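# Coordinate inspection notes
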Amino acid sequence: MSGFTTTLVVSGTVLAVILASDLGRRRITTMRLVRPLIAVAVVMAFFFHTPQLAGNDLSLQLVGVGLGSILGLVAGAMLPGEADSEGNVYTTAGVLYVLFWIAMSAARVVFVYGIEHWYTADIIEFAITYRISGPEVFSNSLVLMALATVLARTAVVLNRRRRLLAATR
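## With respect to the environment of Tyr-113
Tracing the backbone shows Tyr-113 in helix α4 (residues 95-117). Classification of Tyr-113 as partly exposed rests on a relative accessible area of 30%. Residues Tyr-113 and Thr-129, spaced 16 residues apart in sequence, show a C-alpha to C-alpha distance of 21 Å. Setting aside residues up to four positions removed in sequence, Tyr-113 forms contacts with Phe-4 and Trp-118.

Rendered as structure tokens:
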């Protein structure tokens, strides 16, 4: 499967599951938080290659984790929360949240399309210059970015839930 197809599947799956879980006013439940993590775990099982550790491979994969964490924190911040009198906590995802996730997904897809069609020579030169061992490293970085984004978003939502529940007691 090409890198572009892999990226389409990964980005599309994460986008669909996140929006299905978060769009509108939704109660925070364990299943709501776990469902996207399960989806990313399944995607990783199919598309994550053995961690690449040669040259600067690990560094590039850690960049994916770092960028994904930042994006997940931003996404989580876009989910305002409220608690009701019965101790249920809700978040509300609006248009800006949807557009943010679409933009993240589209950016990954366009980046990989560009690697394969627009700036292939530049990426090869980058990989040689910075001792990146091959395309699997880029694929791993993007999958790890998706995982980190979902994990960070989940951490923000869990923290928001904890704070709101503590404030109602």
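## Side note on the packing of aromatic side chains
Per the stated rule, a full pass over the model turns up six aromatic pairs. For the pair Phe-126 and Tyr-130, a centre-to-centre distance of 4.9 Å together with 40° between the ring planes defines the contact as tilted. For Tyr-130, a relative accessible area of 45% puts it in the partly exposed group. Note on Phe-126: relative accessible area 33%, which makes it partly exposed. Within the aromatic cluster, the residues linked to one another by ring pairs are Phe-4, Tyr-113 and Trp-118. Over the ring of Tyr-90 we find Arg-25; its NZ or CZ atom is 3.9 Å from the centre of that ring.

## Some remarks on the pattern of salt bridges
A complete count under the given rule lists three salt bridges for this structure. Put simply, Arg-153 and Asp-22 hold a salt bridge, and the shortest N to O gap is 2.7 Å. Highlighted residues: Arg-153 in helix α6 (residues 135-168) and Asp-22 in helix α1 (residues 3-22), separated in sequence by 131 residues. With respect to class, Arg-153 is no different from Asp-22; both count as buried. Arg-25 is paired through a salt bridge with Glu-82; the nearest N and O atoms lie 3.1 Å apart. Taken together, the residues Arg-25 in strand β1 (residues 24-27) and Glu-82 in strand β2 (residues 81-83) connect sequence positions 57 residues apart. Taking relative accessible area as the criterion, Arg-25 reaches 47% and is therefore assigned partly exposed. What makes Glu-82 partly exposed here is its relative accessible area of 37%. In the salt-bridge network here, residues are joined through shared partners; they are Asp-22, Arg-32 and Arg-153.

## Looking at the sheet that holds β1
Taken together, the three strands give an open sheet; going across it, the order is β1-β3-β2, and neighbouring strands pair in antiparallel fashion. The sheet is open, and its two edges are formed by β1 and β2, each paired on a single side. Looking at each pair of strands side by side, their axes are set apart by 25° on average, direction ignored.

## Considerations on the pairing of strand β3 (residues 89-93)
β3 sits mainly inside the fold: four of its five residues count as buried. Inspection of the sheet shows β1 paired to β3 by four bridges, in the antiparallel sense. Residue pairing in the sheet places Arg-26 in a bridge with Thr-91 of β3. Summarising the sheet, β2 and β3 pair through three bridges and their orientation is antiparallel. When the bridges of β3 are listed, Glu-82 appears paired with Tyr-90. Taking the residues between adjacent antiparallel strands as the criterion, β2 and β3 are bridged by five residues, where Gly-87 takes a positive phi near 90°.

## Considering the nonpolar core
One finds Val-10, Val-14, Ile-18, Tyr-97, Phe-100, Trp-101 and Val-150 to be the most contacted residues of the largest nonpolar core, which totals 30 residues. Examining the composition of this core, we find that eight residues originate from one element, α6, more than from any other. The contacts of Val-10, once residues within four sequence positions are left out, are Val-43, Phe-47, Val-143 and Ala-146. Of all hydrophobic cores here, the second largest spans seven residues; its members include Ile-115, Ile-123, Ala-127 and Val-137.

Definitions and cut-offs
Residues numbered from 1 in each chain as written. Predicted model: local features only at pLDDT ≥ 70, side-chain atom pairs only at ≥ 80, totals over all residues. Heavy atoms only, no water. Helix = DSSP H or I, 4+ residues; strand = E, 2+ residues; numbered from the N terminus. Buried < 20%, exposed > 50% of the residue type's maximum accessible area, 1.4 Å probe, protein only. Contact = heavy atoms within 4.5 Å. Phe/Tyr/Trp six-rings, centres within 6.5 Å; stacked < 30°, edge-to-face > 60°. Lys NZ or Arg CZ within 6 Å of the ring centre and 35° of its normal. Salt bridge = Lys/Arg side-chain N within 4 Å of Asp/Glu carboxyl O. Pairing = 2+ DSSP bridges. Axes fitted to C-alpha atoms, helices over the stretch in contact; angles between N-to-C directions. Core = buried A, V, L, I, M, F, W, Y, C linked by side-chain atoms within 4.5 Å.

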